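# Structural features, examined
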Amino acid sequence: MVKELQLRVNLVEERKDNVLQLKAAKKLGINIADITSVKVLRKSIDARKKEVIFNYKVAVYINEPQPDTPDYIFEYQDVSNAKEIHIVGFGPAGMYAALRCIELGYKPIVLERGKNVQDRRRDLRAINQFHEVNPDSNYCFGEGGAGTYSDGKLYTRSLKRGDVRKIFENLVYHGATDQILVDAHPHIGTNKLPKIIQNIRETILKHGGEVHFETRVTDFIVKNNKLQAIQLQNGTEMAVNAVVLATGHSARDIYELLHKKDILLKAKSFAMGVRIEHPQEIIDQIQYSCTGQRDELLPAAAYSLVHQVGNRGVYSFCMCPGGFIVPAATANGEVVVNGMSPSRRNNKFANSGIVVEINVDKDLPKYEKYGVLKGLQYQKDLEKLAFNAGGRSQVAPAQRLTDFVEGRLSSSLNDCSYQPGLNSSPLHSLLPKLIGSRLRKGFAAFGQKMHGYYTAEANIVGVESRTSSPVNIPRKENLEHPQIEGLFPCGEGGGYAGGIISAAMDGERCAEAAITNL
Ligand code: FAD
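Residues numbered from 1 in each chain as written. Predicted model: local features only at pLDDT ≥ 70, side-chain atom pairs only at ≥ 80, totals over all residues. Heavy atoms only, no water.

Let's shift gears to the packing of aromatic side chains. Evaluation of the coordinates by the stated rule reveals 11 aromatic pairs. Here Y76 and Y173 contribute two aromatic rings whose centre-to-centre distance is 6.3 Å and whose plane-to-plane angle is 55°, an arrangement assigned as tilted. Placement of Y76 in the loop between β3 (53-62) and β4 (84-88) and of Y173 in helix α5 (residues 164-173) is noted, with a sequence separation of 97 residues between them. Consider the rings of F90 and F213, whose centres lie 6.3 Å apart with planes at 65°: the pair is edge-to-face. Separated by 123 residues along the polypeptide, F90 in the loop between β4 and α3 (92-103) and F213 in the loop between β6 (210-212) and β7 (217-223) bring together distant segments of the chain. Judged by relative accessible area, which is 0%, F90 ranks as buried. Linked through ring pairs, Y303, F404, F443, F446 and Y453 together constitute an aromatic cluster. (Phe/Tyr/Trp six-rings, centres within 6.5 Å; stacked < 30°, edge-to-face > 60°. Helix = DSSP H or I, 4+ residues; strand = E, 2+ residues; numbered from the N terminus. Buried < 20%, exposed > 50% of the residue type's maximum accessible area, 1.4 Å probe, protein only.)

Right, let's talk about the packing of α3 against helix α14 (residues 500-516) for a bit. Between α3 and α14, the least distance of the axes is 7 Å, while the angle of their chain directions is 40°. By the criterion of interaxial angle, the relationship of α3 to α14 is oblique. Seen along the crossing, α3 lies across α14 with a hand that is right-handed. Note on element contacts: α14 touches α3 through I500, A503, A504, G507, E508, A511, E512 and I515, opposite P92, A93, Y96, A97, R100, C101 and E103. Residue classes in the contact of α3 with α14 are distributed as 10 nonpolar, one polar and four charged. (Axes fitted to C-alpha atoms, helices over the stretch in contact; angles between N-to-C directions. Parallel < 35°, antiparallel > 145°, perpendicular 65-115°, else oblique. Left-handed = near helix turned anticlockwise from the far one by under 90°. Contact = heavy atoms within 4.5 Å. Nonpolar A, V, L, I, M, F, W, Y, C, P; charged D, E, K, R; others polar.)

All chains considered together, the criterion is met by 36 salt bridges. Across the salt bridge formed by D119 and R122, the nearest N and O atoms sit 3.7 Å from each other. Residue D119 and its partner R122 are both found in helix α4 (residues 117-130); the two are separated by three residues, about one turn of the helix. Take D119: its relative accessible area is 28%, and that puts it in the partly exposed class. (Salt bridge = Lys/Arg side-chain N within 4 Å of Asp/Glu carboxyl O.)

In this section: the pairing of strand β5 (residues 107-111). Among the five residues of β5, five are classified as buried, and the element is accordingly described as predominantly covered. Pairing of β4 with β5, which is carried by five bridges, proceeds in the parallel orientation. Bridging from a neighbouring strand, H86 pairs with I109 of β5. Following the chain from β4 across α3 to the adjacent parallel β5, one finds a crossover that is right-handed. As paired strands, β5 and β6 are joined by three bridges and run parallel to one another. The residue of β6 that forms the bridge with L111 is H212. (Pairing = 2+ DSSP bridges. Right-handed = clockwise from strand over helix to strand, strands pointing away.)

Take unusual backbone geometry next. Looking along the chain, the bond that leaves G462 and enters V463 is cis, with omega of -10°. Note that V463 resides in strand β20 (residues 459-464). For N224, which is not glycine, the phi torsion reads 50° and is therefore positive. Its identity as a non-glycine residue notwithstanding, N225 has a phi of 60°, on the positive side.

Looking now at the nonpolar core. Counting residues in hydrophobic clusters, the biggest one holds 83 residues, and the most contacted among them are L171 and F220. Tallying contributions element by element places α14 first for this core, with nine residues. Shared between two domains, this core holds at least three residues of each, these being domain 2 (84-265 + 473-516) and domain 3 (267-464). The residues touching L171, leaving out its near neighbours within four places in the chain, are Y96, L154, A176, I180, I188, I196 and I501. Formed by 64 residues, the second largest nonpolar core is a distinct cluster that contains L20, A24, F270 and A398. (Core = buried A, V, L, I, M, F, W, Y, C linked by side-chain atoms within 4.5 Å. Domains from an automatic or database assignment.)

One can read the domain layout of the protein as domain 1 (2-62), domain 2 (84-265 + 473-516) and domain 3 (267-464). For domain 2 and domain 3, the distance between their C-alpha centroids amounts to 27 Å. The interface is formed by 28 residues belonging to domain 2 together with 30 residues belonging to domain 3. When residues of domain 2 are sorted by the area they lose upon contact with domain 3, H131, V133 and R252 head the list and together hold 27% of the total. One salt bridge in this structure joins E383 and R252, with 3.0 Å as the shortest N-O distance. Counting every contact that joins domain 2 to domain 3 gives 13 residue pairs in polar contact (both at pLDDT 80 or more). Broken down by secondary-structure element, the contributors of at least two residues to the side of domain 2 that touches domain 3 are α4 and α7 (252-260). It is α7 that provides the largest number of residues to the side of domain 2 that touches domain 3, a total of four residues. A class-by-class count of the residues in the side of domain 2 that touches domain 3 yields 11 nonpolar, 11 polar and six charged. (Buried area = accessible area lost by both parts, 1.4 Å probe. Polar contact = N/O pair within 3.5 Å; in protein donor to acceptor, adjacent residues only side chain to side chain.)

Set out below in structure tokens:
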């Protein structure tokens, strides 16, 4: 017999080896010897009250063995000689589009402007140490896309858009810890992601798919509203049946190319702001109601904050406990920050984007002349502003939180995880009012919600500008572009995803759609 149960375990109990068996036996009124095993289905931490509680959902196997068959069996066939689907971009959307093609018996041909995960590392070092940004290989571009040197948090709100469980199981199949199948807030970590992504590439190659690195797509050849071919940066033209366009939200050249070719795009609302960094210990003490260091059984604490300022949301985004702020620019002449953390989340800082909703229809009257690319231009201008304020390198402009809110330049800054360095700047007056004044009100409100959050020990660092795409590449119900037969806009760049898992699910859907429409 198998029984599902919810169990609550406190910190003292969590230290015992067989606490789940003991609690399950007690709750079911059975002898512990009758329990063959207890399988954890879900684990979360509730720290809202003074006593921290681990909530478990478990399946208790009583007098019967626990089967060890996985929920999903991944069967990839040899597609070396199968019909081809071209996929532009090898981020989560492109990777899962390619895997889905193979599952369905089609040959994916992936074209990726960046380098493989190993070679990409050298370019990341160049950004951090020498402030040189390779426009084809950086924190956003290269094998695995923006997802590789990311934080690897795997939460998604897009549960209805696909089979989340299947993507998680597939990540485990490719080397992720099976802990992601049970954690309420699953996380892989930037140190573990590259190997998983390399394993995904190897699956694709082993079954006859192709992955071409350092191969940027520079043009689309369209005849009679049908996509005929794609052009590569070396001038080669490749004839295509169908193209999944999964180039991510930082591929500005792709938006500009489509716009130039009169291919329909739409402006999309998005969000921008800054990244805030606190000592992790402060966040732990607030969230776990503790003094000194958190209990060793507890992970570095996270938070999620939201506040309405004059009918626009100000909210935390991509919070990285125990993490680092990273330079996520995709070109020289701009400063963009983002965050990531290793699997153990053991760095001494907690960082998070704090961003303000930008409504493209109402908030950018001065940018109307840029038409559908107005949000993109606004983003570019803010990133350039950060570049100039930082000192025209990858050094980022920063301010102590209290100085930002109270409107004065910081005479000194706190230590920070951002490797290229910080420059004290008057962000309170530099940022457009639309963002700056809302952020200041938002931070003051966050200090009320989380006592200790509003502190001079926190830095804010500019700018967090790439939260989501400011452009939407439209698609019909069958996921094809309304004007171009054979073009399937996909993932975050199309405006259909916001994170690793939702991009991966959209990749699967676009591959299915491209195949159905062949
Ligand atoms: P991308 O990952 O952007 O991939 C697009 C790919 O297309 C890139 O590899 C690019 O090189 C390639 N490309 C672009 N133009 C061309 C061209 N012309 N020709 C050929 N190839 C091209 N999300 C989470 O869910 N959790 C997190 O914890 C998280 N942390 C993040 C931390 C950082 C530092 C960053 C930068 C992002 C983070 N994200 C996180 C966001 C997440 O990485 C993205 O949402 C996701 O990668 C989007 O997937 P995608 O496949 O749609 O696009």
